[in-house]
Amino acid sequence: MLGKLTRWLRILGHNIKYSNDLDDAELTVIAKKERRILLTRDLELYQQATAKGVDAFYVEGKTEAERLAQLAERFGIKLEVDMATSRCPKCNTRVRQISKETIGEKVEKSTLSYYDEFWECPKCGQVYWRGAHWTRIRKTLEAAKGNVEKLRKKN
Ligand SMILES: [Zn+2]
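These numbers were taken from a predicted model, which means no experiment stands behind them. (Residues numbered from 1 in each chain as written. Predicted model: local features only at pLDDT ≥ 70, side-chain atom pairs only at ≥ 80, totals over all residues. Heavy atoms only, no water.)

Brief notes about the overall build of the protein chain
Part 1: A count of helical and extended segments in the protein chain gives six helices and five strands.
Part 2: Start at the N end of the protein chain and walk to the C end: the helices and strands fall as α-α-β-α-β-α-β-α-β-β-α.
Part 3: C-alpha atoms of the protein chain, sized along the principal axes, occupy 55 × 35 × 20 Å.
Part 4: A buried classification covers 39% of the 155 residues belonging to the protein chain. (Helix = DSSP H or I, 4+ residues; strand = E, 2+ residues; numbered from the N terminus. Buried < 20%, exposed > 50% of the residue type's maximum accessible area, 1.4 Å probe, protein only.)

Remarks on the packing of helix H1 (residues 3–11) against helix H4 (residues 64–75)
Part 1: In contact at an axis separation of 11 Å, H1 and H4 are set at 55 degrees when each is read in the N-to-C sense. Between H1 and H4, the angle falls in the class oblique. Once H1 is placed against H4, the crossing between them reads as right-handed. Across the interface between the two elements, Lys-4, Leu-5, Trp-8 and Leu-9 of H1 pack against Glu-64, Arg-67, Leu-68 and Leu-71 of H4.
Part 2: Within the contact of H1 with H4, the residues separate by chemical class into five nonpolar, no polar and three charged. (Axes fitted to C-alpha atoms, helices over the stretch in contact; angles between N-to-C directions. Parallel < 35°, antiparallel > 145°, perpendicular 65-115°, else oblique. Left-handed = near helix turned anticlockwise from the far one by under 90°. Contact = heavy atoms within 4.5 Å. Nonpolar A, V, L, I, M, F, W, Y, C, P; charged D, E, K, R; others polar.)

What to know about helix H6 (residues 133–154)
Part 1: Between its terminal C-alpha atoms H6 stretches 32 Å, which fits the 32 Å expected from 22 residues at 1.5 Å a residue.
Part 2: The set of residues buried in H6 consists of Trp-134, Ile-137, Thr-140, Leu-141, Ala-144, Asn-147 and Val-148. Down the axis of H6, the buried side of the element spans an arc of 140 degrees, and every buried residue falls inside it. Structural note: H6 exposes Arg-136, Arg-138, Lys-139, Lys-150 and Lys-153 on the side pointing more than 90 degrees away from its buried face.
Part 3: Of the surrounding secondary structure, the elements contacted by the buried residues of H6 are H1 and H4. (Expected span 1.5 Å × (residues − 1). Arc of directions from axis to C-beta.)

Re the coordination of the zinc ion
Part 1: Coordination sphere of the zinc ion, protein contribution only: Cys-88 (SG), Cys-91 (SG), Cys-121 (SG) and Cys-124 (SG), at 2.3 Å.
Part 2: For the zinc ion, the four donor atoms in the first shell make angles of 96 to 122 degrees at the metal, so the coordination geometry reads as tetrahedral.
Part 3: Look at Cys-88 and you get buried, because its relative accessible area is 0%. (Donors = N, O, S within 2.8 Å, 3.2 Å for Na, K, Ca; no water. Tetrahedral: all angles 85-135°; square planar, octahedral: opposite > 155°, others 65-115°.)

Examining the pattern of salt bridges
Part 1: One pass over the structure, following the stated rule, counts 11 salt bridges.
Part 2: Glu-80 is the salt-bridge partner of Lys-145, the closest N and O atoms lying 2.8 Å from each other. Here Glu-80 lies in the loop between H4 and strand S3 (96–98) and Lys-145 lies in helix H6, a separation of 65 residues in the sequence.
Part 3: Among the residues examined, Lys-145 registers a relative accessible area of 26% and is labelled partly exposed.
Part 4: Judged by its relative accessible area of 42%, Glu-80 falls in the partly exposed class.
Part 5: With its nearest N and O atoms 4.0 Å apart, the salt bridge here joins Glu-149 to Arg-152. Here Arg-152 and Glu-149 lie together in helix H6, a separation of three residues that amounts to about one turn.
Part 6: Given the relative accessible area of 43%, Glu-149 is considered partly exposed. (Salt bridge = Lys/Arg side-chain N within 4 Å of Asp/Glu carboxyl O.)

Regarding the layout of surface pockets
Over the atoms, a rolled probe matching the size of one water molecule traces out where space is still vacant.
Part 1: Roughly 790 Å³ of internal volume is contained in the largest pocket.
Part 2: Only H1, helix H2 (24–33), strand S1 (38–40) and H4 provide two or more residues apiece to the lining of the largest pocket.
Part 3: The dominant element in the lining of the largest pocket, judged by the number of residues it contributes, is H2, at four residues.
Part 4: Broken down by class, the residue content of the lining of the largest pocket amounts to 17 nonpolar, six polar and seven charged.
Part 5: What the second largest pocket holds in volume is close to 490 Å³.
Part 6: Looking at the second largest pocket, it is lined by 22 residues, and the ones nearest its centre are Trp-8, Ile-11, Pro-89, His-133 and Ile-137.
Part 7: Breaking the lining of the second largest pocket down by element, the ones donating at least two residues are H1, strand S5 (127–128) and H6.
Part 8: Per-element tally for the lining of the second largest pocket: the top contributor is H6, with five residues. (1 Å grid on protein atoms, 1.4 Å probe; cavity = no way out; pocket = protein on both sides within 12 Å on 5 of 7 lines; lining within 4 Å. Points joined across faces, edges and corners; volume = space filled by probe spheres on them.)

Here it is in structure tokens:
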């Protein structure tokens with residue numbers, strides 16, 4: 001249920017495990033064993049996990065910007081993308097910067113000529129750059145920051 005939020009948190013540099021296949025008991029065990037914070041939109045799971053001593057967070061909010069704001073407020077997450085610590089949204093591996101010369105056929109020629117900085121996921125091979133979607137990423141993060149301010153005023 002939180003696939004989109006997972007991708008966001010990885011881009012922001014957080015080590016996020018995501019699964020739709022595990023049942024509540026398995027999720028709780030993994031969270032406890034690996035000392036992870038369990039993020040869920042399932043109130044029952046949240047309550048079960050908390051009762052078992054797992055650090056859990058019940059995610060509310062309709063938009064990604066609202067959800068990110070809640071997490072930022074609760075866990076002090078920085079709402080900035082730092083490519084030095086950013087993770088692959090697909091597979092959670094830290095991306096690394098690569099030189100244009102080594103990209104080869106992985107990216108279209110027009111993209112290569114237009115952008116200078118590229119990053120690659122060493123695990124799945126996905127190449128990233130700050131393309132047109134980057135404006136949208138920044139807008140969402142700005143909206144999230146605005147929401148953090150609102151949350152602080154409320155409390
Ligand atoms: Zn990857």
